[in-house]
Each structure stands twice: as C-alpha cells, then as structure tokens.
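Given next are the chains, with one letter for each unit.
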Amino acid sequence: MIKKIYLDNNATTECNQEVLDTMIPYFKEQFGNPSSLYAFGKKVKEEIIKVRRNISTLINADIEEIIFTSSGSESNVTAIMSAVNQYPKKKHIITTKVEHASVLETMKYLEEKGYSITYLSVDSEGNIDLNELKSVITNDTLLISIMVANNEIGTIYPIKEIGKIAKQNNILFHVDAVQAIGKIKIDVKEMNIDTLSFSGHKINAPKGIGVLYVNKNINFKPLIFGHQENNRRGGTENVPYIIGLGKAIEMILEDNYEKNSKIAELRDYMESKIKENISDIRIYGNIENRMSNTSSIAFKGVGAEELLFVLESYNIFVSTGSACNSEIAEPSHVLVACNADLDNYSPIRISSSKDNTKEEIDYFLDKLIKSVKMLRNLKEKKNGK
Ligand SMILES: Cc1ncc(COP(=O)(O)O)c(C=O)c1O
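These lines cover the structure that appears in this document, whether it is placed above or below.

Analysis parameters
Residues numbered from 1 in each chain as written. Predicted model: local features only at pLDDT ≥ 70, side-chain atom pairs only at ≥ 80, totals over all residues. Heavy atoms only, no water. Axes fitted to C-alpha atoms, helices over the stretch in contact; angles between N-to-C directions. Helix = DSSP H or I, 4+ residues; strand = E, 2+ residues; numbered from the N terminus. Left-handed = near helix turned anticlockwise from the far one by under 90°. Contact = heavy atoms within 4.5 Å. Nonpolar A, V, L, I, M, F, W, Y, C, P; charged D, E, K, R; others polar. Buried < 20%, exposed > 50% of the residue type's maximum accessible area, 1.4 Å probe, protein only. Phe/Tyr/Trp six-rings, centres within 6.5 Å; stacked < 30°, edge-to-face > 60°. Lys NZ or Arg CZ within 6 Å of the ring centre and 35° of its normal. Pairing = 2+ DSSP bridges. Expected span 1.5 Å × (residues − 1). Parallel < 35°, antiparallel > 145°, perpendicular 65-115°, else oblique. Polar contact = N/O pair within 3.5 Å; in protein donor to acceptor, adjacent residues only side chain to side chain.

### Here we look at the packing of helix α3 (residues 72–86) against helix α4 (residues 101–112)
Part 1 of the reasoning: Following both chains from N to C, one finds α3 and α4 inclined at 35°, their axes separated by 9 Å at the closest point. For the pair α3 and α4, the crossing hand works out as right-handed. In contact with S73, N76, V77, I80, M81 and V84 of α3, α4 contributes S102, V103, T106, M107, Y109 and L110.
Part 2 of the reasoning: Here the contact of α3 with α4 is composed, by residue class, of 8 nonpolar, 4 polar and no charged.

### Examining the environment of L143
Part 1 of the reasoning: Position of L143 among the secondary structure elements: in strand β5 (residues 141–147).
Part 2 of the reasoning: For L143, a relative accessible area of 1% corresponds to the buried category.
Part 3 of the reasoning: When the C-alpha atoms of L143 and V84 are compared, they prove to be 7.9 Å apart, with 59 residues separating the residues in sequence.
Part 4 of the reasoning: Among residues more than four places away in sequence, those in contact with L143 are I80, A83, H92, I93, I94, I171, L172, F173 and H174.

### Examining the packing of aromatic side chains
Part 1 of the reasoning: Applying the stated criterion across every chain yields a total of 2 aromatic pairs.
Part 2 of the reasoning: Between Y38 and F40, the aromatic rings sit 6.4 Å apart at their centres with planes inclined by 15°, giving stacked as the arrangement.
Part 3 of the reasoning: Note on F40: relative accessible area 32%, which makes it partly exposed.
Part 4 of the reasoning: One aromatic cluster is present, formed by F31, Y38 and F40 through successive ring pairs.
Part 5 of the reasoning: Looking at K90, its charged tip hangs above the ring of Y87, at a distance of 5.5 Å from the centre.

### Section: the sheet that holds strand β9 (residues 281–284)
Part 1 of the reasoning: Spatially, the 3 strands line up as an open sheet ordered β9-β10-β12, and their pairing is antiparallel. If you trace the sheet from one side to the other, it starts and ends with β9 and β12 (347–351), each paired once. Between one strand and the next, the sheet's axes are offset by a mean angle of 30°, whatever the strand orientation.
Part 2 of the reasoning: Sheet topology note: the β9/strand β10 (residues 294–299) ladder contains 4 bridges and is antiparallel. In the strand pairing of β10, I281 is matched with F299.
Part 3 of the reasoning: Of the strands in this sheet, β9, β10 and β12 are in contact with helix α9 (residues 259–277), which crosses β10 at around 10°.

### Concerning α3
Part 1 of the reasoning: Compared with an ideal rise of 1.5 Å per residue, which puts 15 residues at 21 Å, α3 spans 21 Å between its outermost C-alpha atoms and is within 8% of the ideal.
Part 2 of the reasoning: α3 sits mainly inside the fold: 12 of its 15 residues count as buried.
Part 3 of the reasoning: Taken as a whole, α3 has its buried residues at G72, E74, S75, N76, T78, A79, I80, M81, S82, A83, V84 and Q86.

### Details of the packing of α9 against helix α12 (residues 358–382)
Part 1 of the reasoning: Running from N to C, α9 and α12 cross one another at 25°; their axes reach a closest spacing of 11 Å. With respect to each other, α9 and α12 are oriented roughly parallel. Note on packing geometry: the crossing formed by α9 with α12 is right-handed. Where α9 abuts α12, its residues L266, Y269, M270, K273, I274 and N277 lie against K358, I361, D362, F364, L365, L368 and I369.
Part 2 of the reasoning: When the residues that make up the contact of α9 with α12 are grouped by side-chain class, the tally is 9 nonpolar, 1 polar and 3 charged.

### Comments concerning the pairing of β12
Part 1 of the reasoning: Counting buried residues along β12, 5 of its 5 residues qualify, which places the element largely inside the surrounding structure.
Part 2 of the reasoning: Because side chains alternate across β12, one face comprises the buried residues P347, R349 and S351, and the other comprises I348 and I350, equally buried.
Part 3 of the reasoning: Bridge count for β10 against β12 is 5 bridges, and the pairing is antiparallel. From the neighbouring strand, A298 faces β12, where its bridge partner is P347.

### Description of the side chain of N127
Part 1 of the reasoning: Here N127 lies in the loop between β4 (116–120) and α5 (130–136).
Part 2 of the reasoning: When its relative accessible area of 17% is taken as the criterion, N127 is described as buried.
Part 3 of the reasoning: A polar side-chain atom of N127 sits 3.1 Å from a polar atom in the side chain of E125.
Part 4 of the reasoning: In terms of polar contacts, N127 uses its side chain to reach the side chain of N286, at 3.0 Å.
Part 5 of the reasoning: Among all residues touching N127, those that are not within four sequence positions of it are S121, V122, T155, Y157 and N286.

This is how it looks when you write it as structure tokens:
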C-alpha cells in the first residue's frame, strides 16, 4: 500500500507527535485539577498559565484575555452571543456570506429572534468591498463578525482596515481566525479586534480544544456559566488538550511563519504543473492574497466528488469544500457567493501542510493528471462523442 498523501489540512491536521508526547503525562501523573489548592493541582495551573502566555505572545494579547473553550465553533458562538448580550438595545449585525457555519447558523438563530443581519457579498475571488461595509453601518449596529481567511478558497480579508472602521463607529469586532492562526500574523491590538477565535485541530494539536480571546475592555458575557476561566467559561479545564495546544503554539512561535514560504512555493509549483498539463482549469479565490497552503481548483466537466474518490483510490486525500459541509449534498455556500460556475467548474480543495514534500506533490500531480484525463474520457464516451 502506498503511503497516505494527506492534502486536506484545512479540514483538520494530524496531531503532532511532540504535541502528543507533551500531553500524555497530563492524563496520568499530572492529572490534578488546576483549581485545587494543593501543590499537585497548582503545578498544573502553572503549566496552563504558560500556555496562556504563549497564546498572548502569538496574537499580542494580555494573559487574562485568553479563554479556553472546546472548539473554534464554541468560541465563535460565545463571542457573538456575548456581543448581543452586551448591547441588548441594538439589533443589527454585519457579517459576510462566506463565514463558517458556526457563525452563519448563529446569525440565523438571531434573525429568528428579531435581529437584522447584513451578509456582505463577495466578488468572484471571495473579496468583500469595504465601501459596502461602511455603507451598511447604522446606529443600531452592534457587531461586525468577519473571518481572517476563508477555509474553502483561502482568500484573506482586510482585518486591520475593518478593525479601524469598527472602532471609528463604536462597534464590536469579532474575528474568526480558525484557518489563519499560524499562517497569517495577527495582532489583536493593532487590528482593533475585540474577540477572536481559533482551534487546536487546525494547527497539529488535538480536536476539541479552542481559544477565545476577549479584549479586557469589553463587557464580556459568558455562554457557559461557571467559575473556571475567571467566571467566563464554566467546565473543568481540558488540561491535556490545553497543554498540547500550548506545544503547538510554541512550535508556531519558534518557526515564526518561516515555513509558510516553503508551503506557498510548493503550492505554486503544483498549480504551475497543473496549468501546464491539464487544459480548461479554474482556480478559485484571490490568487495574490490567499493562504499559502490553499488551492481550490476545478477541471472543466470533471465532477469534484468523482475526482475525490478516484484520488482516494491512490491514497490521496483532498476535499470538495469545507469538511463541515461535506455530508450535505448542497453546493458550497462560499462558491455560490462567489457566483462560481459549479455546473462546469466544481473544485477540489487541496490544502497542504508543512509536512507535505515535493515527492508527495509530484505523486499527486501524476495521479491527478491521469484521473482528470480518465474522467473526461469516460464522460465523452458516455456522451457518445
Ligand atoms: C473558518 C472556520 N471557523 C470555524 C471552524 C470551526 O472550528 P472547530 O472545528 O474547532 O469547531 C472551522 C472549522 O473547519 C473553520 O474552518
């Protein structure tokens, strides 16, 4: 059996071995509750403080502004509901059409509760228009919620400019950094971000651990009540996962975004080979301004799902859109918002990591070129050409 070639890192990443090794003692020897008064528990608390410190360094926050949650989704929902509870008299929120389901579903819920939500449109590359953003702000607007980078097409959003607009208008600003963390530099102070979320499983830490940054100057309201996290998120801390997340953050701090250029080089090499060898392709997203690891590519007439399964037979794993939507047969809301011609050009998403090698990409290219050719031939035969 050939080695697995995993190119779906925007869906989730493999837990790093060092991360895992760091976690293990916290299931056994160091299983104490960080809230305990005895030294055995306090030692764990100190280790958690180190993780908070590393996260604060990464995004330029203060230690007390970091809250641990169960996921990126929980962090997003908590931030949005906190904003709503902070301003009970205001009823308008601005977001985009291309946010993650955890944001969009919360907005849908709020609409049912009588809130008015503006979903900013995007152009064919997934970009928003800042003039549209400025034009929809009213005295009733309480929150702007926008992602740093899109999980499906990789397009990056102008967070600093949006932060400025939010601040000028006295509106809370929530940022979903789940895909961007570790790939794009984020400075919550410089970018005027009030709340920000990210998740462990996109950065080689385990699934089920998330972070919510909360600006200490806002009037935060918890979603889950309890004494932990300074009364901001109830539930005994998931110590091993927090420790694992801390290791993953440490690795990002050590690398200081240097691996991104290697990842981008490999992605550009892959795309240039695809262009050279396959006709009628389309690449989605903002080519000049997207995450270094993300490539959303369509091959005219080739169904993305068929291609995904043929590639799987070669032990290559890509996706057709966001992992969270893959069980739903509906077209991706992101590509629909980009007005993509999905009947002819339905894309696969290739999202690499620092661990992918040129050899793997060459193997992938070889199989991709053959698979597209085979699927196009089959289609021609079926159509009686
Ligand atoms: C942009 C974005 N936001 C939020 C999430 C949710 O994170 P989690 O899986 O930790 O709930 C995801 C996960 O795919 C994502 O891509």
